[in-house]
Amino acid sequence: MGCDGGTIPKRHELVKGPKKVEKVDKDAELVAQWNYCTLSQEILRRPIVACELGRLYNKDAIIEFLLDKSSEKALGKAASHIKSIKNVTELRLSDNPAWEGDKGNTKGDRHDDLQRARFICPVVGLEMNGRHRFCFLRCCGCVFSERALKEIKAEVCHTCGAAFQEDDVIVLNGTKEDVETLKRRMEGRRLRAKLGKKTKKPKVAESLSKLDVSEAPGPSKMKTAKPEETSLDSQEKKTTLPPRSAAAQGSSSGKAGKPLCGAMKRSIADSGESEAYKSLFTTHSSAKRSKEESAHWVTHTSYCF
């Protein structure tokens, strides 16, 4: 049997074997890891942060993810281990002077060399394009090549001078083995932080209870101290209170002031003063008016007759 036109098919054209496994291009994978955000798949722009597993993110994408953790986002699995903004570190990157970016490609007729990295190691000068292993310090965020840390062994950061330990060194975009070791470290740190918080809470509660017991007196002491204090206070009040004046007593007692006024009137009337002096007071006979001299019903005054 043949096909139209007298062609004879071969066996590999008729019989289909198993599909070949598609291999990922290593160069494309490196470009995606070192030039694009792991969460939003956008180009990395400052400020750039890294998680405890060594993945690179845009800080804006992390903040949006923390504010809106919706299940619809398929890429949210890449940042599921990030619970707060404290779980990421902002990186201090050194710019590569040989990298031009999109400055020269204004018309779109120029090839962009993606293998040239935007950042370099500030100590050795290696480009951060994925061909060399890079790591950052979790305490300060400075980024170095692994070769620089091995050649110049120090317990202090080469740029900012911050002290660090082995646990603070995190490999960027490492292998599966590196990610597993970093994951174990991350879990251990979080477990220690939880245990530290639990131990701090009872200590704070004990200190507060001790302060309350020492400052506040007990109920038995308050009961025994009450009679003595009240008796002393009453005695002090009696001794310290000033005597009231006669006028104040008269005004406060109400009727007690009337006999005094009457006594004053009687004393003036019965006194041995002259008639001219006595006529000045209303109790004198000259001050009393007759019915004819009383107030008029129209004017209501006693001087209009």
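As annotated in an unreviewed UniProt entry, the protein chain carries the name Replication termination factor 2 and comes from Lipotes vexillifer. Quoted verbatim from the Subunit (unreviewed entry) field of UniProt, the annotation for the protein chain is "Interacts with DDI2; probably also interacts with DDI1." Recorded under Sequence similarities (unreviewed entry), the UniProt text for the protein chain is reproduced unchanged: "Belongs to the rtf2 family."

**Student:** Just checking my understanding: could you explain the confidence of the model for the protein chain for this structure?
**Tutor:** Any segment with low pLDDT has predicted coordinates that should not be analysed in fine detail. Taken residue by residue, the protein chain gives an average pLDDT of 74. The fraction at 70 or more is 61%. Ignoring residues within four places in sequence, the model shows residues 245–265, a span with pLDDT below 50, making three contacts including any to other chains.

**Student:** Honestly, a positive patch on the surface in this entry has me stumped. Any pointers?
**Tutor:** A cluster of basic side chains, namely Lys 86, Lys 194, Lys 197, Lys 198, Lys 200 and Lys 201, defines a positive patch on the protein surface. Topologically, Lys 200 is positioned in helix H5 (residues 176–215).

**Student:** What is the right way to read helix H3 (residues 59–67) from this model?
**Tutor:** Structurally, the α-helix is built with 3.6 residues per turn, so residues lying three or four positions apart point the same way. Along H3, the residues classified as buried are Ala 61, Ile 62 and Phe 65. The buried residues of H3 occupy an angular sector of 100 degrees when projected down its axis, which confines them to one face. For H3, exposure combined with an orientation more than 90 degrees from the buried face picks out Asp 60, Glu 64 and Leu 67. If you follow the buried residues of H3, they end up packed against strand E1 (48–50) and strand E2 (56–58).

**Student:** What is the right way to look at the pattern of salt bridges in this model?
**Tutor:** Should their charged atoms come close, side chains of opposite charge can pair. Under the defined criterion, the tally for this structure stands at nine salt bridges. A salt bridge links Arg 189 to Glu 52, with the nearest nitrogen and oxygen atoms 3.4 Å apart. Taken together, the positions of Arg 189 in helix H5 and Glu 52 in the loop between E1 and E2 put the pair 137 residues apart, joining distant regions of the chain. Here the two residues Arg 189 and Glu 52 agree in accessibility, since each one is buried. Each of the salt bridges in this network shares a partner with another, and the network as a whole consists of Glu 52, Asp 167, Arg 189, Arg 190 and Arg 192.

**Student:** Teacher, can you tell me more about the sheet that holds strand E3 (residues 89–90) here?
**Tutor:** Pairing within the open sheet is antiparallel, and its three strands lie in the order E2-E1-E3. Only two strands of the sheet have a single partner each, and these edge strands are E2 and E3. Where E1 meets E3, two bridges bridge the pair, whose relative direction is antiparallel. The residue bridging Val 49 from the neighbouring strand is Glu 90, located in E3.

**Student:** Is there a simple way to explain the pairing of strand E6 (residues 134–137) in this structure?
**Tutor:** Each regular strand displays side chains that alternate between the two surfaces of the sheet. Of the two faces of E6, the one carrying Phe 134 and Phe 136 and the one carrying Cys 135 and Leu 137 are both buried. Note that E6 and strand E7 (residues 143–145) share three bridges and pair antiparallel. By the bridge assignment for E7, Phe 134 is matched with Ser 145. Hairpin connection from E6 to E7: five residues lie between these consecutive antiparallel strands, with Gly 141 at a positive phi of about 90 degrees.

Calculation rules
- Residues numbered from 1 in each chain as written.
- Predicted model: local features only at pLDDT ≥ 70, side-chain atom pairs only at ≥ 80, totals over all residues.
- Heavy atoms only, no water.
- UniProt positions renumbered as here; feature names shortened; annotations may be inferred.
- pLDDT = per-residue confidence, 0-100.
- Contact = heavy atoms within 4.5 Å.
- Patch = residues over 30% accessible without salt bridge, like charges linked within 9 Å, V, L, I, M, F, W, Y side chains within 5 Å.
- Areas by Shrake-Rupley, 256 points an atom, 1.4 Å probe, with all protein chains shown as cover.
- Salt bridge = Lys/Arg side-chain N within 4 Å of Asp/Glu carboxyl O.
- Lys, Arg positive; Asp, Glu negative; His and termini not counted.
- Charge placed at Lys NZ, Arg CZ, Asp CG, Glu CD.
- Helix = DSSP H or I, 4+ residues; strand = E, 2+ residues; numbered from the N terminus.
- Buried < 20%, exposed > 50% of the residue type's maximum accessible area, 1.4 Å probe, protein only.
- Arc of directions from axis to C-beta.
- Pairing = 2+ DSSP bridges.

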